[in-house]
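Geometric and topological summary
Now for the letters of each chain:
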Amino acid sequence: MKEIHFRDIGNRELNLMACYIKRFSPSFYMGTHNHPYFELMYAADGNFNVEIVRRDAEGREEIFTVTVHQGELIFLDSYLFHRLQIIEENVVIYNVELLPQMDSRNDTFDTGTLFAISYAALMERTNLKALADTQDGYLVIPNLSKIDLSLRELIYAMMNTNQRLEDACCLRAHILMLFMEISKSLALYEQSGIHYIKKIQLYIKHHLNQKISLDDIAAAVGYHKSYVAAQFKSFTGKTIMQTVNEMRVSKSLLMLRDTGTPVAEIARQVGFPSYAQMVHEFNKLVGMPPNACRKVFQNDELDYDNPQYSSIAIRISEEDFLLDETSFTHAYYKKNLKSKSKELLNY
């Protein structure tokens, strides 16, 4: 059987063979293997290695290890010998495996006749060409768009057991959307090369309840702190500490609404160095202290017609929320005025 690599897709259908969202520990072991489908693995939390086997120009096998850092995706072409190595505790990986096929025998609803996708044309006209041109059979891609969100949506669509034509069309669309987010990330990486901005945002998110210093962030991304600070401000329009404080306020708003935790304890849990600092940031960003915010939420729950009602919203740069946790995927926190249910609205 002819080996079909990504560059050879042409007008073939891409069928989702398998997928998972899984937490791993270093006790996990996988043998070296290959398969006739493409594999994409995203480091949602923690770092992992992929050991790759390839032949040099003289046909001799060589083994080398690629580290995939948190916030990065690795694309593995078909028939590439590889194995996953877990090097840290509690590593979370999103995985999808896609098989190219000429016919639609696995497509119960023949969705290809509803809307055809030419990956060959997309490779010519988008940055997916980088996947086709890779000489090593793999490519590591920093997530500078919404690769993580697209992967999750694709996996959730795959797990939908209520298979209807609409579900099959959504699944096909999610595969296309994933590749478009990959292409956008590749384009942004080519244009700016500042993929460490996402690493900074992930570092802040995962260390929000701890003391965060510019020195720590610079060490985590591997650049001098002055350079990191200047590039972050240029890229996002605000300083790193502004971002830290805004994210702490946003997380505090969620806890003020959804829990009865004392305000001083919320300040500690979200990482404010003191209760006074929390009050200062709330007054600056929201226009009222945290206790007043909680009263607003209580009034919302009791009676929307109460003359004391006012909504609370805090705008955070969308880039700060392209992370891997539901509460960090929304640009606004706001009460739903049409329902007494507690929910987040994405404006």
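What counts as what
Residues numbered from 1 in each chain as written. Predicted model: local features only at pLDDT ≥ 70, side-chain atom pairs only at ≥ 80, totals over all residues. Heavy atoms only, no water. pLDDT = per-residue confidence, 0-100. Helix = DSSP H or I, 4+ residues; strand = E, 2+ residues; numbered from the N terminus. Contact = heavy atoms within 4.5 Å. Salt bridge = Lys/Arg side-chain N within 4 Å of Asp/Glu carboxyl O. Buried < 20%, exposed > 50% of the residue type's maximum accessible area, 1.4 Å probe, protein only. Pairing = 2+ DSSP bridges. Lys, Arg positive; Asp, Glu negative; His and termini not counted. Polar contact = N/O pair within 3.5 Å; in protein donor to acceptor, adjacent residues only side chain to side chain. Core = buried A, V, L, I, M, F, W, Y, C linked by side-chain atoms within 4.5 Å. Patch = residues over 30% accessible without salt bridge, like charges linked within 9 Å, V, L, I, M, F, W, Y side chains within 5 Å. Areas by Shrake-Rupley, 256 points an atom, 1.4 Å probe, with all protein chains shown as cover. Axes fitted to C-alpha atoms, helices over the stretch in contact; angles between N-to-C directions. Parallel < 35°, antiparallel > 145°, perpendicular 65-115°, else oblique. Nonpolar A, V, L, I, M, F, W, Y, C, P; charged D, E, K, R; others polar. Phe/Tyr/Trp six-rings, centres within 6.5 Å; stacked < 30°, edge-to-face > 60°.

What to know about the confidence of the model for the protein
Per-residue pLDDT for the protein has a mean of 81; in total, 81% of the residues score no lower than 70. No element of the protein has a lower mean pLDDT than helix α11 (residues 290-302), at 76, and none a higher one than strand β5 (residues 72-76), at 95. Confidence over residues 302-310 falls short of pLDDT 50; this stretch has 15 contacts with residues more than four positions distant or in other chains. Predicted confidence for residues 315-347 stays below pLDDT 50, and this span has 100 contacts to residues more than four positions away or in other chains.

As for the pattern of salt bridges
By the definition in use, this model includes 12 salt bridges. Arg-268 is paired through a salt bridge with Glu-265; the nearest N and O atoms lie 2.5 Å apart. Here Glu-265 and Arg-268 lie together in helix α9 (residues 263-270), a separation of 3 residues that amounts to about one turn. Take Glu-265: its relative accessible area is 26%, and that puts it in the partly exposed class.

A closer look at the pairing of strand β6 (residues 81-86)
Within β6, 5 of the 6 residues are buried, which leaves the element mostly enclosed by the surrounding structure. Across 6 bridges, the pairing between strand β3 (residues 48-55) and β6 is antiparallel. Counted as the bridge partner of Phe-48 is Ile-86 from β6.

Considerations on the side chain of Asp-77
Examined against the element boundaries, Asp-77 turns out to sit in the loop between β5 and β6. Buried charge without a partner: Asp-77 forms no salt bridge, and the closest opposite charge is Arg-7, 4.6 Å away. Of the polar contacts made by the side chain of Asp-77, one reaches the backbone nitrogen of Phe-6; its length is 3.0 Å. Not counting residues within four places of it along the chain, the set of residues in contact with Asp-77 comprises His-5, Phe-6, Tyr-37, Phe-38 and Gly-137.

What about the nonpolar core?
Counting residues in each nonpolar core, the largest one holds 33 residues, and the members touching the most others are Phe-6, Tyr-119, Phe-179 and Ile-182. Elements with a contribution of two residues or more to this core: β1 (13-24), β2 (38-45), β5, β7 (91-101), α1 (119-125), α2 (129-133), α3 (147-158) and α4 (165-192). For this core, the element with the most residues is α4, which contributes 6 residues. If near-sequence neighbours (up to four positions away) are discounted, Ile-182 is found in contact with Leu-40, Leu-73, Leu-128, Leu-131, Ile-141 and Ile-147.

Points about a nonpolar patch on the surface
Taken together, the side chains of Ile-21, Tyr-156 and Met-159 define a hydrophobic patch exposed on the protein surface, amounting to about 300 Å² of accessible area. By secondary structure assignment, the location of Ile-21 is in strand β1. Overall, the relative accessible area of 34% leaves Ile-21 in the partly exposed class.

Things to note about the sheet that holds β3
If you walk across this open sheet you meet the 3 strands as β4-β3-β6, and the pairing is antiparallel. Bordering the open sheet on either side are β4 (61-68) and β6, each of which pairs with just one other strand. Adjacent strand axes in the sheet meet at a mean angle of 20 degrees when their direction is disregarded. Note: β3 against β4, 8 bridges, orientation antiparallel. When the bridges of β4 are listed, Arg-55 appears paired with Glu-61.

Examining the packing of helix α6 (residues 214-221) against helix α7 (residues 225-236)
Here α6 crosses α7 at 90 degrees, and the two axes come no closer than 9 Å. Classified by the angle between their axes, α6 and α7 sit roughly perpendicular to one another. Between α6, through Leu-214, Asp-215, Ile-217, Ala-218 and Val-221, and α7, the contact on the second element is made entirely by Lys-225, Val-228 and Ala-229. Each residue belonging to the contact of α6 with α7 can be placed in one class, and the counts come to 6 nonpolar, no polar and 2 charged.

With respect to the packing of aromatic side chains
Tallied over the full model, the rule gives 10 aromatic pairs. Measuring from centroid to centroid gives 5.7 Å for Tyr-42 and Tyr-94, while their planes differ by 35 degrees, and the two rings are tilted. Of the two residues, Tyr-42 is situated in strand β2 and Tyr-94 in strand β7; the sequence distance between them amounts to 52 residues. Residue class for Tyr-42 comes out buried when judged on its relative accessible area of 2%. The interplanar angle of 45 degrees and the centroid separation of 5.8 Å between the aromatic rings of Phe-64 and Tyr-138 together place this pair among those described as tilted. Linking Phe-64 in strand β4 with Tyr-138 in strand β8 (residues 138-142), this pair joins segments that are 74 residues apart in sequence. Here a set of aromatic residues connected by ring pairs shows up, and it is made of Phe-6, Phe-38, Phe-75, Tyr-119 and Phe-179.

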